[in-house]
Amino acid sequence: MESLRNQGRVIPEVVSFVVGRDVGGEFAWGATFVIKDLDGYWAYLKHPAHRHTDEIGLPLVENFVSFDVTDDEDPEVAEKIAALHERRYAEDRALTQLVSDLASYKGSSAPGPHGG
């Protein structure tokens, strides 16, 4: 959890963030990071602090759900976000393996058989 909080503090593109318990939901914990635009999102995805959290956190996770929420009115924004996730996995096979090893991974950034 501290690594997630560290992402919010050290990644310059993060405008605001919250990391804490999922009150009333189906998960124990959650995190939300607000980022201004797609260029900032790419920088966030590729930042070493984000990758560090993946490395230490994903092996501890049983069920993972990711989602992207945007107020961008571009009708192609969903495809652009998906392309960023695809590019990240293509550039980092070790990360792809980490998420492929999860028992359950759903959402906007889930690769391979978990996608969706």
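Here goes a summary of the coordinates provided. (Residues numbered from 1 in each chain as written. Predicted model: local features only at pLDDT ≥ 70, side-chain atom pairs only at ≥ 80, totals over all residues. Heavy atoms only, no water.)

With respect to the overall build of the chain
- When helices and strands are counted, the chain shows five helices and four strands.
- Against the globule reference of 13 Å for 116 residues, the chain gives a C-alpha radius of gyration of 14 Å, in line with a compact fold.
- Projected onto its principal axes, the C-alpha coordinates of the chain cover approximately 35 × 30 × 30 Å.
- When each of the 116 residues of the chain is scored for burial, the buried share is 35%.
- Long-range pairs, those at least 24 residues apart, make up 54% of the contacts in the chain between residues at least 6 apart in sequence.
- As displayed, the chain offers around 7,400 Å² of accessible surface, 53% of which is attributable to carbon and sulfur atoms.
- Across the chain, 11 positive and 20 negative side-chain charges occur, with their mean positions spaced 5 Å apart. (Helix = DSSP H or I, 4+ residues; strand = E, 2+ residues; numbered from the N terminus. Rg over C-alpha atoms; globule rule 2.2 N^0.38 Å. Buried < 20%, exposed > 50% of the residue type's maximum accessible area, 1.4 Å probe, protein only. Contact = heavy atoms within 4.5 Å. Areas by Shrake-Rupley, 256 points an atom, 1.4 Å probe, with all protein chains shown as cover. Lys, Arg positive; Asp, Glu negative; His and termini not counted. Charge placed at Lys NZ, Arg CZ, Asp CG, Glu CD.)

Section: the packing of aromatic side chains
- A complete count under the given rule lists four aromatic pairs for this structure.
- Each ring, one from Phe17 and one from Phe33, has its centre 6.1 Å from the other, and the planes form 15°; the classification is stacked. Within this pair, whereas Phe17 is found in strand S1 (residues 14-21), its partner Phe33 is found in strand S2 (residues 29-35), the two being separated by 16 residues in sequence.
- On the basis of relative accessibility, which here comes to 33%, the residue Phe17 falls in the partly exposed class. (Phe/Tyr/Trp six-rings, centres within 6.5 Å; stacked < 30°, edge-to-face > 60°.)

With respect to the side chain of Asp92
- Within the element layout of this structure, Asp92 appears in the loop between helix H4 (77-91) and helix H5 (93-100).
- Here the side chain of Asp92 touches Arg51 through a polar contact of 2.5 Å, side chain to side chain. (Polar contact = N/O pair within 3.5 Å; in protein donor to acceptor, adjacent residues only side chain to side chain.)

Comments concerning a nonpolar patch on the surface
- Together, Val65, Phe67 and Val69 line one region of the surface with nonpolar side chains, adding up to about 340 Å² of accessible area.
- For Val65, the location among the structural elements is in strand S3 (residues 63-66). (Patch = residues over 30% accessible without salt bridge, like charges linked within 9 Å, V, L, I, M, F, W, Y side chains within 5 Å. Salt bridge = Lys/Arg side-chain N within 4 Å of Asp/Glu carboxyl O.)

Quick notes on the pattern of salt bridges
- Within the structure shown, the criterion is met by seven salt bridges.
- Between Arg51 and Asp92 there is a salt bridge, and its shortest N-O distance comes to 2.5 Å. With Arg51 in helix H3 (residues 48-57) and Asp92 in the loop between H4 and H5, this pair connects stretches of sequence that are 41 residues apart. One exposure class covers both Arg51 and Asp92, and it is buried.
- Among the ionic pairs, Glu91 bridges to Arg87, the shortest N-O distance being 3.2 Å.

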